[in-house]
Amino acid sequence: MSKPDSIKVDQNEETVTEILEPAAELDKKIISPVKETRNQAIRYILWGLISVAVNFATFYTTYHLIGLEYQVANVISWVIAVQVAFWVDRLKVFDHHSHHVYREMGKFYATRIVTYVVEAIILWLLMSVLGSSAVLAKILGQAGAIIGNFLFSKLYVFRNK
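An unreviewed UniProt entry lists the protein chain under the name GtrA family protein, with Lactiplantibacillus argentoratensis given as the organism. Annotation of the protein chain in UniProt includes, under Sequence similarities (unreviewed entry), the sentence "Belongs to the GtrA family." The annotation that UniProt attaches to the protein chain under Subcellular location (unreviewed entry) is "Membrane".

Have a look at this one:
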């Protein structure tokens with residue numbers, strides 16, 4: 001007698017699953033992308049602190065301690081931070097595992113060049129034109145770069161087709 005009940009329960013579970021399956025698919029299509037983007041943005045900010053720290057530490061070392069010109073110091077800090085960011089974003093933020101690592105790395109560097117130019121312009125405007133401090137200029141430049149970098153990475157570099 002227990003076996004017929006088990007079969008009946010299994011049949012009911014299948015019926016419930018069949019009924020709820022379209023709703024689950026709708027949830028994946030509508031809600032999941034929003035939740036996924038929110039979670040990626042949170043991970044991007046948290047994990048991105050590593051590359052930001054590398055960028056600031058390298059900039060501070062090369063500009064303040066070694067005495068390089070601020071744009072040269074910024075290029076050096078940028079190259080090192082971008083390589084760190086690529087691996088962190090690929091593996092931790094977007095959990096992206098394709099077989100096209102070098103193609104993605106090329107796209108990543110290309111988009112980072114765009115945001116680097118934006119940051120360099122901000123540094124130049126604030127430091128050379130307005131006479132602002134290097135630290136304030138770097139913070140504002142990084143803020144602009146961070147927003148652009150997330151959008152480029154999400155929508156272009158690590159998007160799932």
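Colleague: Any chance you could break down a nonpolar patch on the surface for me, citing the residues and the numbers?
Modeller: There is a patch of nonpolar side chains on the surface, built from I113, V117, I121, W124, L125, V129 and L130 and spanning about 650 Å² of accessible area. Assignment of secondary structure puts I121 in helix 3 (residues 101–129). For I121, a relative accessible area of 44% corresponds to the partly exposed category.

Colleague: Now, about helix 2 (residues 70–93): what can you tell me, with residues and values included?
Modeller: Here helix 2 contains 24 residues, and its C-alpha end-to-end distance of 30 Å is more than 12% below the 34 Å for a straight helix at 1.5 Å per residue. One side-chain oxygen of the residue at the start of helix 2 lies 3.0 Å from the amide nitrogen of Q71, identifying that residue as E69. Looking one or two residues past helix 2, D95 carries a phi angle of roughly 45°, positive in sign.

Colleague: Residue-level account of the layout of surface pockets, with values.
Modeller: Each pocket or cavity is described by its volume, and for the largest pocket that value is around 300 Å³. Around the largest pocket, the lining comprises 20 residues; the ones closest to its centre are S51, V52, Q142, I146 and N149. For the lining of the largest pocket, the secondary-structure elements that each account for two or more residues are helix 1 (2–65), helix 2, helix 3 and helix 4 (134–157). The leading source of residues in the lining of the largest pocket is helix 1, at seven residues. When grouped by side-chain class, the residues that make up the lining of the largest pocket number 11 nonpolar, six polar and three charged.

Colleague: Now, about the nonpolar core: what can you tell me, with residues and values included?
Modeller: Judged by nonpolar contacts, the single largest core of 14 residues is most densely connected at F86, F94, F108 and F158. Beyond its immediate chain neighbours, meaning those up to four positions away, F94 contacts Q40, D89, F150, S153, K154 and F158.

Colleague: Describe unusual backbone geometry, and please don't skip the residues or the numbers.
Modeller: Residue D95 is not a glycine yet carries a positive backbone phi of 45°. Among the structural elements, D95 can be located in the loop between helix 2 and helix 3. Residue classification places D95 among the exposed positions, given a relative accessible area of 51%.

Colleague: Report on the pattern of salt bridges, specifying residues and quantitative values.
Modeller: Should their charged atoms come close, side chains of opposite charge can pair. The final tally for this structure, using the stated rule, is three salt bridges. In this structure, R112 and D89 form a salt bridge, with 3.2 Å as the shortest nitrogen-oxygen distance. Of this pair, R112 sits in helix 3 while D89 is found in helix 2, placing the two residues 23 residues apart along the sequence. Residue E104 pairs with R90 through a salt bridge whose shortest N-O separation is 2.7 Å. Here the residue E104 occupies a position in helix 3, and R90 occupies one in helix 2, the gap between them amounting to 14 residues. As far as burial versus exposure is concerned, E104 and R90 are alike and both buried.

Colleague: Hey, could you go over the packing of aromatic side chains for me, with residue numbers and the actual values?
Modeller: For the structure on display, the rule yields 10 aromatic pairs. With 5.3 Å between their ring centres and 75° between their planes, F86 and F108 make a pair best called edge-to-face. One end of the pair, F86, is in helix 2; the other, F108, is in helix 3, with 22 residues separating them in the sequence. By relative accessible area, F86 is classed as buried at 0%. Within the aromatic cluster, the residues linked to one another by ring pairs are Y44, F86, W87, F94, F108, F150 and F158. Stacked on the ring of Y156, the Lys or Arg K107 has its end atom at 4.9 Å from the ring centre. Positioned above the aromatic ring of F59, the side-chain terminus of K138 is 4.9 Å from the ring centre.

What counts, and where the lines are drawn
Residues numbered from 1 in each chain as written. Predicted model: local features only at pLDDT ≥ 70, side-chain atom pairs only at ≥ 80, totals over all residues. Heavy atoms only, no water. UniProt positions renumbered as here; feature names shortened; annotations may be inferred. Patch = residues over 30% accessible without salt bridge, like charges linked within 9 Å, V, L, I, M, F, W, Y side chains within 5 Å. Areas by Shrake-Rupley, 256 points an atom, 1.4 Å probe, with all protein chains shown as cover. Salt bridge = Lys/Arg side-chain N within 4 Å of Asp/Glu carboxyl O. Helix = DSSP H or I, 4+ residues; strand = E, 2+ residues; numbered from the N terminus. Buried < 20%, exposed > 50% of the residue type's maximum accessible area, 1.4 Å probe, protein only. Expected span 1.5 Å × (residues − 1). Polar contact = N/O pair within 3.5 Å; in protein donor to acceptor, adjacent residues only side chain to side chain. 1 Å grid on protein atoms, 1.4 Å probe; cavity = no way out; pocket = protein on both sides within 12 Å on 5 of 7 lines; lining within 4 Å. Points joined across faces, edges and corners; volume = space filled by probe spheres on them. Nonpolar A, V, L, I, M, F, W, Y, C, P; charged D, E, K, R; others polar. Core = buried A, V, L, I, M, F, W, Y, C linked by side-chain atoms within 4.5 Å. Contact = heavy atoms within 4.5 Å. Phe/Tyr/Trp six-rings, centres within 6.5 Å; stacked < 30°, edge-to-face > 60°. Lys NZ or Arg CZ within 6 Å of the ring centre and 35° of its normal.

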